[in-house]
Amino acid sequence: MSTVLSVHIERWPLATPFTISRGAKTEAVTVVAELIDGASHRGRGECVPYARYGETVEAVAASIEAMRGAVRDGLGRAALQTALPAGAARNALDCAFWDLEAKRSGVPVHRRAGLPPPRPLVTAYTISLGTPDAMAAAAAAASARPLLKVKLGGIGDPERLRAVRRAAPKSELIVDANEAWDPGHLHDNLAACAEAGVTLIEQPLPAADDGALAGLSPAIAICADESVHDSASLADLIGKYTAVNIKLDKTGGLTEALRLADEAERAGFDLMVGCMVATSLAMAPAVLLAQRSRVVDLDGPLLLACDRPHGLTYDGSLVHPPTRALWG
């Protein structure tokens, strides 16, 4: 019996506006791929198209839709890795295939991938970019959480960091500049991070201008995000970064994400697992990858006004593995 592919665009309002250095949004727009095998088995995967990488919701949905005939004719997860490039479209389909394989076989994804049973993990909680006072208020409201991720934006970041640290004195802080710093302010911003006790800095410089990181050897871990996509991009990171942020929307799915994690660890990088703002369906595969990561940032559903049915369970900042009703 052939497998039928369907594609859905979904809109999920946010609890509050979410702002990073590149702009703000009030909703998460996701694309869901669904694979239906007869009437009994269904696999789903969710992605978030990202304009930073030239993706649009419409183009990603069309790319997935274009695979309908190939899926009907027997395309599987292995062939998918070369049928579509790394990116959001392949991620949705790849994760849908993993889910369908698990549902067909009755064997959960972690066992099919040779991974140990997943356990609950502490996730970061994101403080959106804003004025120092606004960020301090958000940090104070989240100050009981053990790990806060602070979005930064370039000019004024030392003041933002000091405000957040005063408001959340006990939380571990990681920061994400989303490429907003420039080499001229790098030293001052690194010093401000050290003063605030930051333990990891994501993508301080633009991916095309991150050569200034070479040979710095700062005391704080420097993590590649926009500079790393899949395993092919690892070689250029050596000497500039000490960690990599793996996101399934960049790698093109769990299959390549697991390969990237293996190769990154062999190359000596620490692992971080991140996400876009999306529902629990997008987080579920990443929870498996997060089991081996130094830093887990899978708070996307916590930023939504509401999550989808059978979503992940969050106990404060502790995120639990997905149930079979959600994925895997």
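In what follows, the structure referred to is the one given above.
The model shown is predicted, which means the values in this text are computed figures rather than measured ones.

**Quick word on the overall build of the protein**
Secondary structure assignment for the protein yields 11 helices and 14 strands. Since a compact globule built from 328 residues should have a radius of gyration of about 20 Å, the 19 Å found for the protein is in line with a globular shape. Within the protein, the proportion of its 328 residues that are buried is 55%. Counting contacts in the protein only where the partners sit at least 6 residues apart, residues at least 24 apart contribute 66% of the total. Accessible area for the protein stands at about 12,900 Å²; split by element, carbon and sulfur atoms hold 55% of it. When the 32 positive and 38 negative side-chain charges of the protein are each reduced to one mean point, those points stand 5 Å apart.

**Concerning the nonpolar core**
Trp-181, Val-198, Ile-201, Val-244, Leu-254, Leu-298 and Trp-327 are the most contacted members of the largest nonpolar core, which totals 82 residues. Considering each element in turn, this core owes the most residues, nine residues, to helix α11 (residues 280-290). Those residues within four positions of Trp-181 in sequence are excluded, and the remaining contacts are Leu-152, Gly-154, Asp-157, Leu-186, Asn-189, Leu-190, Cys-193, Ile-201, Pro-204, Leu-205 and Pro-206. Ranked by size, the runner-up nonpolar core spans 22 residues in total, among them Leu-35, Val-71, Ala-88 and Ala-96.

**Some remarks on the environment of Gly-76**
Looking at the secondary structure, you find Gly-76 in the loop between α2 (68-72) and α3 (77-83). Along the chain, Gly-76 and Glu-101 lie 25 residues apart, while their C-alpha atoms are 9.8 Å from each other.

**Comments concerning the sheet that holds strand β14 (residues 318-319)**
Read from one edge of the open sheet, three strands run β4-β14-β13, paired in antiparallel fashion. Looking at the sheet topology across the chains shown, the edges are occupied by β4 (121-122) and β13 (314-315). The sheet contact formed by β13 and β14 spans two bridges and is antiparallel. Each residue of the ladder has a partner; that of Asp-315, found in β14, is Leu-318.

**A closer look at the sheet that holds strand β3 (residues 41-47)**
Sheets are built from strands paired through backbone hydrogen bonds, the pairs being either parallel or antiparallel. Strand order in the open sheet formed by three strands is β1-β2-β3, with antiparallel pairing between adjacent strands. Strands with a single pairing partner mark the edges of an open sheet, and in this sheet they are β1 (3-20) and β3. Each adjacent strand pair in this sheet contributes to an overall mean axis angle of 20°, direction not counted. Lying on the sheet, helix α4 (residues 88-105) is in contact with β1, β2 (23-37) and β3; it crosses β3 at an angle near 155°.

**Some remarks on the environment of Asp-225**
On the secondary structure map, Asp-225 appears in the loop between β9 (221-224) and β10 (243-246). By relative accessible area, which is 1% here, Asp-225 ends up buried. For the pair Asp-225 and Val-319, spaced 94 residues apart in sequence, the C-alpha separation works out to 22 Å. Contact partners of Asp-225, with chain neighbours within four places excluded, come to Tyr-53, Asp-176, Glu-202, Gln-203, Asn-245, Lys-247 and Lys-250.

**Focus: helix α10 (residues 254-266)**
The end-to-end C-alpha distance of α10 is 18 Å, a good match for the 18 Å that 13 residues give at a rise of 1.5 Å each. Listing the buried residues of α10 in full gives Leu-254, Thr-255, Glu-256, Ala-257, Leu-258, Leu-260, Ala-261 and Ala-264. Remark: Gly-268 follows α10 within two positions and exhibits a positive phi of approximately 95°.

**Digging into the packing of aromatic side chains**
Applying the stated rule across the entire model yields one aromatic pair. Lying over the aromatic face of Trp-98, Arg-77 brings its terminal NZ or CZ to 3.6 Å of the ring centre. Lying across the ring of Tyr-125, Arg-145 places its NZ or CZ 4.3 Å from the centre.

**Overview of the packing of helix α6 (residues 132-141) against helix α7 (residues 157-167)**
Between α6 and α7, whose axes approach to 8 Å, the crossing angle comes to 30°. Here α6 lies roughly parallel to α7, going by the angle between them. Read as a crossing pair, α6 and α7 show a hand that is right-handed. Residues Pro-132, Met-135, Ala-136, Ala-139 and Ala-140 of α6 form the contact with α7, whose participating residues are Glu-159, Arg-160, Ala-163, Val-164 and Ala-167. Here the contact of α6 with α7 is composed, by residue class, of eight nonpolar, no polar and two charged.

**Description of the pairing of strand β6 (residues 147-151)**
Counting buried positions along β6 gives five out of five residues, so the element sits mostly inside the fold. A two-sided burial pattern is seen for β6, the buried positions comprising Leu-147, Lys-149 and Lys-151 on one face and Leu-148 and Val-150 on the other. With three bridges joining them, strand β5 (residues 125-127) and β6 adopt parallel strand pairing. By the bridge assignment, Thr-126 is partnered in β6 with Lys-149. Pairing analysis gives five bridges linking β6 to strand β7 (residues 172-176), with the strands arranged parallel.

**Observations concerning the environment of Thr-123**
With respect to the helices and strands, Thr-123 occurs in the loop between β4 and β5. The class for Thr-123 is buried, based on a relative accessible area of 0%. For the pair Thr-123 and Val-296, spaced 173 residues apart in sequence, the C-alpha separation works out to 4.9 Å. Residue contacts for Thr-123: discarding those within four places in its chain leaves Leu-147, Val-296, Asp-297, Leu-298, Asp-299, Tyr-314, Ser-317 and Val-319. At a separation of 2.8 Å, a polar atom in the side chain of Thr-123 contacts the main-chain amide nitrogen of Leu-298.

About the criteria used
- Residues numbered from 1 in each chain as written.
- Predicted model: local features only at pLDDT ≥ 70, side-chain atom pairs only at ≥ 80, totals over all residues.
- Heavy atoms only, no water.
- Helix = DSSP H or I, 4+ residues; strand = E, 2+ residues; numbered from the N terminus.
- Rg over C-alpha atoms; globule rule 2.2 N^0.38 Å.
- Buried < 20%, exposed > 50% of the residue type's maximum accessible area, 1.4 Å probe, protein only.
- Contact = heavy atoms within 4.5 Å.
- Areas by Shrake-Rupley, 256 points an atom, 1.4 Å probe, with all protein chains shown as cover.
- Lys, Arg positive; Asp, Glu negative; His and termini not counted.
- Charge placed at Lys NZ, Arg CZ, Asp CG, Glu CD.
- Core = buried A, V, L, I, M, F, W, Y, C linked by side-chain atoms within 4.5 Å.
- Pairing = 2+ DSSP bridges.
- Axes fitted to C-alpha atoms, helices over the stretch in contact; angles between N-to-C directions.
- Expected span 1.5 Å × (residues − 1).
- Phe/Tyr/Trp six-rings, centres within 6.5 Å; stacked < 30°, edge-to-face > 60°.
- Lys NZ or Arg CZ within 6 Å of the ring centre and 35° of its normal.
- Parallel < 35°, antiparallel > 145°, perpendicular 65-115°, else oblique.
- Left-handed = near helix turned anticlockwise from the far one by under 90°.
- Nonpolar A, V, L, I, M, F, W, Y, C, P; charged D, E, K, R; others polar.
- Polar contact = N/O pair within 3.5 Å; in protein donor to acceptor, adjacent residues only side chain to side chain.

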